[in-house]
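# Descriptive analysis of the structure
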Amino acid sequence: MSFHMESSTTFRFRDHHQPEDATESDTGSDISSVSSDRGEEPEMESMTGKGIGRLCMELLEIKEAFDEDFHANILANYSAFFGIHEEVKDMEKELMQLKTHVSMQKKLVKDLINGLYLNVLSEEIIESADELIFDESFPTNGLEVHIRNVSETLDMLISENRMDEAISIIEMEQENLQKLHLEDEISSDSLSLYSDAISERKTMLILQLSLVAENSRTYAPELQKALFGICRLGNSNLATKLLLKYYRSRIASGIHKFQRSNTCFQGFPTKELTRFVFSMISQAAKAFVMLYGETSSYASEFNQWVQQEIEVFSVTFTKFIESISDISGRLSTVIEAVQFAMSCCLLLETQRLVLQPLLIKNLRTCMEDVFVKHIDHFKKVISIFTANDSWVLGRYLVSGILNEGYSYIVVGQQPEYCLLTNSGRKLVTLLQAISKDVTPLATFHMESSVLTGIRNLFMEYIAILRKAITYGVNVLEKGGSEVILAESVPQQVSILANLSTLEHFFSSSVSYIFRERRRFHWYSAAGT
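The structure displayed is predicted, hence computed values, not measured ones. (Residues numbered from 1 in each chain as written. Predicted model: local features only at pLDDT ≥ 70, side-chain atom pairs only at ≥ 80, totals over all residues. Heavy atoms only, no water.)

## Overview of the overall build of the protein chain
Helices and strands together make up the secondary structure of the protein chain, namely 16 helices and two strands. Put simply, the protein chain has 528 residues, and 35% of those count as buried. Intrachain contacts of the protein chain at a sequence separation of at least 6 include 73% that bridge at least 24 residues. Surface exposure of the protein chain reaches about 32,200 Å², of which carbon and sulfur atoms provide 56%. (Helix = DSSP H or I, 4+ residues; strand = E, 2+ residues; numbered from the N terminus. Buried < 20%, exposed > 50% of the residue type's maximum accessible area, 1.4 Å probe, protein only. Contact = heavy atoms within 4.5 Å. Areas by Shrake-Rupley, 256 points an atom, 1.4 Å probe, with all protein chains shown as cover.)

Laid out in structure tokens, this is it:
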């Protein structure tokens, strides 16, 4: 019993070096020897480990053989797979070429069918209309068939956005309808049915063309084509409104874009804005003439639209001028900008648009406000440089004081020297600079404002001289500058002589302004 239990717990491994024909007696003797000797168990364990190791080696050999076979299969099939891949790419190219060719052929066939169909359709409609008009025995049910055919044709053309063809058919059918009204054989119900069918399609066409004209992404040529179609359909009033609405929208969006791109109007591009606005007005005028010709009953509506756009431009222009913080440079900026706008107006006169009076009317208030602030600024300057005048006359060379274009004549002669105090010498320079700056304002029909401003500056200086002579104490001016009093008789005489000389220079400045005004007007009339 013990023998069988021990033999069931032991394992027998065949030695690869042992012959397979070993006898059972040898095996039995081995087992009996192992069973009989417990001291040989470590040797048994080493034999078991060798068996397991040999089994792992056999498994590794099988794996290596499998890997070699797998790689060999991959290499054998790769070239075939690559060839198939290249063939697929070539087939894709051929398929794309075939699709392109089929698409071109399909388009050609479609164009051919449409052209042939339109020609046949037009001929059928004309023939049916002629038969309808000239055949006195045309039955009423034949007219109904014609109405149905025309309605179906127009519905198809409108759905395919073939506007020109649909408009041509409607124009022809309207003429036919007018002729049918002269026939006695056609019933009023049939004529009413005919008229309603044409009117319904006409309304559909006008609606579709209006959608094109109101689209902000529509380009000018497409707009012109849509408006012309609306005019052909007899609704010129709507075409005019859509035209003006289109360009008003473009001007508004352009002004908004300029304002948004220049924060708080800093560095606002007045020339770019002016060029844009007047360019849009010019384009609108050209489009209007293309629709109606040089003369039109809608000209008053267009002129009113132009007036409104100039007003919008003037409001934007005024906001920019008010945003300029530099008071001394504000006047030159506004004059330069207005002069550029005036030159744009001159260009539009070739299109019979006289916009200069309208522009000046809308910008006059802005320019006068700027000019008044300009004069007020130089009143403060005068009070500053008179505060340091000691009222001593100086002898100055007239040619060294006067700029080019000014003259100084006293009782028919032109002296070489003149007598002025220090503040008087500075006032002459200031008057000449201001006269040169404000001369363009006279061309804007602001002569009265300009003369008033120059006179106020001169009177401001005279008031300071009066205080220096008559007041017994130092006078503190608004700007914080004290006037040095003329306490001695020579100082008072110097003030009077200085004032006498300045009167001639003041007259010279006024003459310069009006002389330059006439020159500007002459250049404007000559178109320069």
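Moving on from the model shown.
## A short note on the nonpolar core
By size, the foremost hydrophobic cluster in this structure holds 117 residues, and its most contacted members are Phe278 and Leu441. Per-element tally for this core: the top contributor is helix α12 (residues 356-386), with twelve residues. Apart from residues lying up to four places away in sequence, Leu441 is in contact with Leu331, Ile335, Met367, Phe371, Met446 and Val450. (Core = buried A, V, L, I, M, F, W, Y, C linked by side-chain atoms within 4.5 Å.)

## A word on the confidence of the model for the protein chain
Per-residue pLDDT for the protein chain averages 78, and the proportion of residues at 70 or more is 74%. Under a pLDDT of 50 for its full length, residues 1-38 has, in the predicted model, 14 contacts with residues more than four places off or in other chains. Scored below 50 in pLDDT, residues 522-528 makes one contact in the model with residues more than four places away or belonging to other chains. (pLDDT = per-residue confidence, 0-100.)

## Section: the packing of aromatic side chains
Aromatic ring pairs: the centre-centre distance and the angle between the two ring planes describe each pair. Inspection of every chain in the model, using the stated rule, returns ten aromatic pairs. With centroids separated by 5.0 Å and ring planes inclined at 25°, the aromatic side chains of Phe288 and Phe302 adopt a geometry described as stacked. Within this pair, whereas Phe288 is found in helix α9 (residues 270-292), its partner Phe302 is found in helix α10 (residues 299-322), the two being separated by 14 residues in sequence. Across the pair, exposure class does not vary: Phe288 and Phe302 are buried alike. (Phe/Tyr/Trp six-rings, centres within 6.5 Å; stacked < 30°, edge-to-face > 60°.)

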